[in-house]
Structures are given as structure tokens and as C-alpha cells.
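Residues per chain, in single letters:
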Amino acid sequence: MTVTIVVAVGRNGVIGRDGGMPWPRTGDMRQFKELTWGHPVVMGRATFESIGRPLPGRTSVVLTRRSDWQPGHDDVVVTHDLREALAAASALDDEVFLVGGAQVYAEALEAGLVDRMVVTHVPLEPEGDASLAPIDADVWREVGRTSHTGTPDYEIATYERR
């Protein structure tokens, strides 16, 4: 199983504010859809609720500590810890994407469960209440980067664990 984090991050490490993006959409959603289409996506409950529905073309695996939480959709897999979420997702496909939020990213990175990261680098320093730890060059090797025009412009970099 390959576990990939997909995240957009500002220069200051901010990835979210008040349950949403801290900047206008950059245009990277097309790349996100292409990358994750047909694969399971693992996300925290708050991220799922901010999206408001399962993502089309992908199985949503939602991680929550709330034992009584119900997604309101039949095609969502509910789990209660990260390893359970990854096991449920890997039973569906050998490529799994972690798509948020900050707690899910932090736990997966801390436990060494991530093989790859696809990071949209946004050249802004927004205020926010969710952030991503800096990418440690001793752990991660950049294997590709593309520049994109948008409002704002952005770059998408791929990192693999060393």
C-alpha cells in the first residue's frame, strides 16, 4: 500500500482557517481530482463536514473519535483510528490518499505511515488555525515540481520518503 498526503500549504505552513481554505481556490482542484480519482481518500470528520458530501469517484473513509457520528451518506466508511482507516482504505485499493485535516496529517507523519506527499505550495502567508509541519529534507526528497498560473500562482511538488 502506498499512502500519499495531498495538501495545499502557504509559505508560513498554514493549511486552513475556520474549517476551510485560507486563500481563494488556486486551480489545483483539477490536479487533486485527477490524482485521487478512483482511489480511497482518508480524512478527518471535520474535513468531511467542511466538504459536505463524499467526493465523487472515490470512496471516502472518515476518521472520527465520536462513536455515535453518522455521515448521512451510505457510501462513506466510518473509522475511529488512523490505522483502522488505512486498513479499510487499503482493502479497497493499494493507493490511499490522506486529504486532511491537520491532525490526520500530523499523526500519519509522526507514525511514519506516509510514503509520498503531493504539496501545492501557495506563495501566501495567510492567517490560519491549521498548519503543516515543515517538510524535513532529511526525511523527504523532492522528485518533481510544476508551476501553475492562477490567482494566486502556485507550484505542485511531489516528495518521496528517503
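Data block above holds the structure.
Residues numbered from 1 in each chain as written. Predicted model: local features only at pLDDT ≥ 70, side-chain atom pairs only at ≥ 80, totals over all residues. Heavy atoms only, no water.

## Things to note about the overall build of the protein
Part 1 of the argument: Scanning the protein from N- to C-terminus turns up four helices and 10 strands.
Part 2 of the argument: Ordered by position in the sequence, the α and β elements of the protein form the string β-β-α-β-α-β-β-α-β-α-β-β-β-β.
Part 3 of the argument: Taking 15 Å as the expected radius of gyration for a compact globule of 162 residues, we find that the protein reaches 15 Å, a close match to that expectation.
Part 4 of the argument: A principal-axis box enclosing the C-alpha atoms of the protein has dimensions of 40 × 35 × 25 Å. (Helix = DSSP H or I, 4+ residues; strand = E, 2+ residues; numbered from the N terminus. Rg over C-alpha atoms; globule rule 2.2 N^0.38 Å.)

## Topic: the packing of aromatic side chains
Part 1 of the argument: A complete count under the given rule lists one aromatic pair for this structure.
Part 2 of the argument: Measuring from ring centre to ring centre gives 5.8 Å for Phe48 and Trp69, while their planes differ by 85 degrees; the resulting arrangement is edge-to-face. Separated by 21 residues along the polypeptide, Phe48 in helix H2 (residues 45-51) and Trp69 in the loop between strand E4 (60-63) and strand E5 (76-79) bring together distant segments of the chain. (Phe/Tyr/Trp six-rings, centres within 6.5 Å; stacked < 30°, edge-to-face > 60°.)

## Quick word on the pairing of strand E9 (residues 140-148)
Part 1 of the argument: Alignment of E9 against strand E10 (residues 154-161), held across eight bridges, turns out to be antiparallel. In the sheet register, Arg145 faces E10, and the bridge partner there is Ala157. (Pairing = 2+ DSSP bridges.)

## Focus on the side chain of Thr79
Part 1 of the argument: Residue placement: Thr79 occurs in strand E5.
Part 2 of the argument: Every residue in contact with Thr79, bar those within four places of it in the chain, is listed here: Val61, Val62, Leu63, Thr64, Glu84, Ala85 and Ala88. (Contact = heavy atoms within 4.5 Å.)

## Topic: the environment of Arg17
Part 1 of the argument: Turning to its location among the elements, Arg17 is positioned in the loop between strand E2 (14-16) and helix H1 (29-36).
Part 2 of the argument: With relative accessibility at 35%, the residue Arg17 sits in the partly exposed group.
Part 3 of the argument: Setting aside residues up to four positions removed in sequence, Arg17 forms contacts with Pro22, Pro126, Glu127, Gly128 and Asp129.
Part 4 of the argument: Within polar-contact distance, the side chain of Arg17 engages the backbone oxygen of Glu127 at 3.0 Å. (Buried < 20%, exposed > 50% of the residue type's maximum accessible area, 1.4 Å probe, protein only. Polar contact = N/O pair within 3.5 Å; in protein donor to acceptor, adjacent residues only side chain to side chain.)

## Section: unusual backbone geometry
Part 1 of the argument: Note the cis peptide between Gly100 and Gly101, where omega equals -5 degrees.
Part 2 of the argument: Tracing the backbone through its elements, the reader meets Gly101 in the loop between strand E6 (95-98) and helix H4 (102-110).
Part 3 of the argument: Cis rather than trans, the peptide bond between Thr151 and Pro152 has omega equal to 5 degrees.
Part 4 of the argument: Residue placement: Pro152 occurs in the loop between E9 and E10.
Part 5 of the argument: Not every positive phi belongs to a glycine, and Asp18 is a case in point at roughly 55 degrees.
Part 6 of the argument: Take Asp18: it is sitting in the loop between E2 and H1.
Part 7 of the argument: The exposure class assigned to Asp18 is exposed, which follows from its relative accessible area of 68%.

## As for the sheet that holds strand E7 (residues 116-122)
Part 1 of the argument: If you walk across this open sheet you meet the eight strands as E5-E4-E3-E6-E1-E7-E10-E9, and the pairing is mixed. In this open sheet, the two edge strands, each paired with only one partner strand, are E5 and E9. Going across the sheet, the axis of each strand differs from the next one's by a mean of 25 degrees, ignoring polarity.
Part 2 of the argument: Two elements, E7 and E10, share six bridges in a ladder whose sense is antiparallel. If you follow Arg116 over to E10, its bridge partner there is Glu160.
Part 3 of the argument: Helix-sheet contacts for helix H3 (residues 82-90) involve strand E1 (2-10), strand E3 (41-44), E4, E5 and E6, and the interaxial angle to E5 is about 150 degrees.
Part 4 of the argument: Each of E1, E3, E4, E6, E7 and E9 touches H4; the most contacted strand, E1, lies at about 130 degrees to it. (Axes fitted to C-alpha atoms, helices over the stretch in contact; angles between N-to-C directions.)

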